[in-house]
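Listed below, chain by chain, are the residues.
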Amino acid sequence: MYDHEKEISEIASRLQKDNISFKDKNILMTGGAGFLGSWMCETLLSQGANVICIDNLSSGQWTNISHLINNPHFRFIRHDISTPIYFGKVVPNAICYPNITDRIDFVMHLASRASPFEFKNHAISIMKSNTLGTMNALGIALEHNSVLFYSSTSECYGNPPPSQVPTSEDYWGHVNPIGPRSCYDESKRAGEAFLKAYELQHNVNVHFARIFNTYGPRIRAGKEFGRVVPNFINQCLNDEPITVFGDGNQTRCFTYVVDEVEGLLRDAFIPEARGLPINVGQVKVDSVLYLAETIKRITNSNSKIIFKPLPIDDPILRQPDLTRAKKILNWEPRTDLDTGLKKTIQWFKETQV
Ligand code: UDP
């Protein structure tokens, strides 16, 4: 059996060891019903925080948070953060929650679709979440004097040349501004620029992590939006062909969700992380073909590997330089691919099949 409670307490206890506690803090979490957002909400609640989750449930799932709804420390607001929202006051013609007058300690902005499969049909809403949404989140942080945490991405680096891999935060990126991935890559980059603008002009306390490929229980699965890990798991469990794009030699660093959430919460909390992008991801590199073979082995599947064209601008090499994360966050991932995949596959078997 997959034990979710145990995973959440594992993250909380790792944080507690370094005295990182969100106890009694009030957190506004955008995208709180999403894959990473819901793990973040649960970890924060387990540490004794109060969480207001904002999500428009376009890609976030109600089932990720429905079990939290009776928790007195959790509130859910169905709202798209690319439209302004105000707390503790009335603003004419705007969406307002004047009765929510609590101090807001942290605004954590995670809302955005992230799967390349969704870029075509949701390009504009992705752009809005990461630009207007980030601006609105920053506006709340400015008004309430909160820390603003932004989930940025390794996509800021685009398709870096081999000389820039492992990629450090100082690398500015090699991104196609008008390609099929640009709605995500460029809007995430613009989101970072928004953070810097609010820091420069208003001294907002901004924190931002560049997230690398993350997988684990609750990752969305479905042919129309699946990312590589859920796709391969579904294909293997159903004995369907495993669709490897290109020759499968492109690499990714697959980070298990427990490690990722721990890293992100460290980044949000630790004062020395202020104003700096920080890579938060696995360093061990695996090819997509190796991933396919590993999932096939663990699931004991009869699926055949088939090769399909590599999507345009699909990054060939991706690996973080973790020097900064180790130094500032005292963090590095602990879960190897086999262990993380086994838990994820178990969760898929129990919930998705
Ligand atoms: N990929 C694949 N088969 C799939 C889905 C994805 O081979 O069914 C490849 C994709 O081309 C990319 C890698 O797996 O090289 C990771 O894709 P994903 O969509 O998970 O995220 P990305 O890292 O590209 O943002």
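Structure first, text after, so check above.
Residues numbered from 1 in each chain as written. Predicted model: local features only at pLDDT ≥ 70, side-chain atom pairs only at ≥ 80, totals over all residues. Heavy atoms only, no water.

### Focus: the overall build of the protein
Along the protein, the regular secondary structure elements total 11 helices and 15 strands. For the protein, the C-alpha radius of gyration of 19 Å lies close to 20 Å, the compact-globule estimate for 353 residues. Taken along the three principal axes of its C-alpha coordinates, the protein extends 60 × 45 × 40 Å. Across the protein, every contact between residues at least 6 apart in sequence was considered, and the portion connecting residues at least 24 apart equals 78%. In the protein, 37 positive and 38 negative side-chain charges are present, and the distance between their average locations comes to 1 Å. (Helix = DSSP H or I, 4+ residues; strand = E, 2+ residues; numbered from the N terminus. Rg over C-alpha atoms; globule rule 2.2 N^0.38 Å. Contact = heavy atoms within 4.5 Å. Lys, Arg positive; Asp, Glu negative; His and termini not counted. Charge placed at Lys NZ, Arg CZ, Asp CG, Glu CD.)

### Some details on the environment of A268
Along the chain, A268 falls in helix α8 (residues 257–269). Along the chain, A268 and Q164 lie 104 residues apart, while their C-alpha atoms are 26 Å from each other. When residues no more than four places from it in sequence are discounted, the contact partners of A268 are F106, M108, V147, F149 and H207.

### As for the layout of surface pockets
Its volume calculated, the largest pocket comes out at about 830 Å³. S59, L110, S112, R113 and A114 are the residues nearest the centre of the largest pocket, which is lined by 45 residues in total. Counting residues per element, the ones that place at least two in the lining of the largest pocket are α2 (35–46), β2 (50–55), α4 (119–130), β7 (147–153) and α6 (182–202). For the lining of the largest pocket, the element with the highest residue contribution is α4, accounting for 4 residues. Within this model, the second largest pocket holds a volume of roughly 630 Å³. Contributing to the lining of the second largest pocket are 27 residues, with P116, F117, R181, P311 and D314 lying nearest its centre. For the lining of the second largest pocket, the secondary structure elements donating two or more residues are α4, β9 (214–215), α7 (228–237) and β10 (242–245). At 4 residues, α7 tops the list of elements feeding residues into the lining of the second largest pocket. (1 Å grid on protein atoms, 1.4 Å probe; cavity = no way out; pocket = protein on both sides within 12 Å on 5 of 7 lines; lining within 4 Å. Points joined across faces, edges and corners; volume = space filled by probe spheres on them.)

### A few points about the packing of α4 against helix α5 (residues 132–144)
Where α4 meets α5, the closest approach of the two axes is 2 Å, and the angle between their N-to-C directions is 25°. What the angle tells us is that α4 and α5 run roughly parallel. In this structure, α4 contributes M127, K128, S129 and N130 to the contact, and α5 contributes L132, G133 and T134. Of the residues that constitute the contact of α4 with α5, the class distribution is 2 nonpolar, 4 polar and 1 charged. (Axes fitted to C-alpha atoms, helices over the stretch in contact; angles between N-to-C directions. Parallel < 35°, antiparallel > 145°, perpendicular 65-115°, else oblique. Nonpolar A, V, L, I, M, F, W, Y, C, P; charged D, E, K, R; others polar.)

### Points about the site of the ligand
The full set close to the ligand counts 17 residues, and N213, T243, F245, R252 and D314 are the nearest of them. With respect to the ligand, the backbone of V228 contributes an N or O atom lying 2.9 Å from an oxygen atom. Protein contact buries 98% of the 520 Å² of open area that the ligand shows by itself. Among the detected pockets, the ligand sits in the second largest pocket. (Near = heavy atom within 4 Å. Polar contact = N/O pair within 3.5 Å; in protein donor to acceptor, adjacent residues only side chain to side chain. Areas by Shrake-Rupley, 256 points an atom, 1.4 Å probe, with all protein chains shown as cover. Sits in = over half its atoms within 2 Å of the grid points.)

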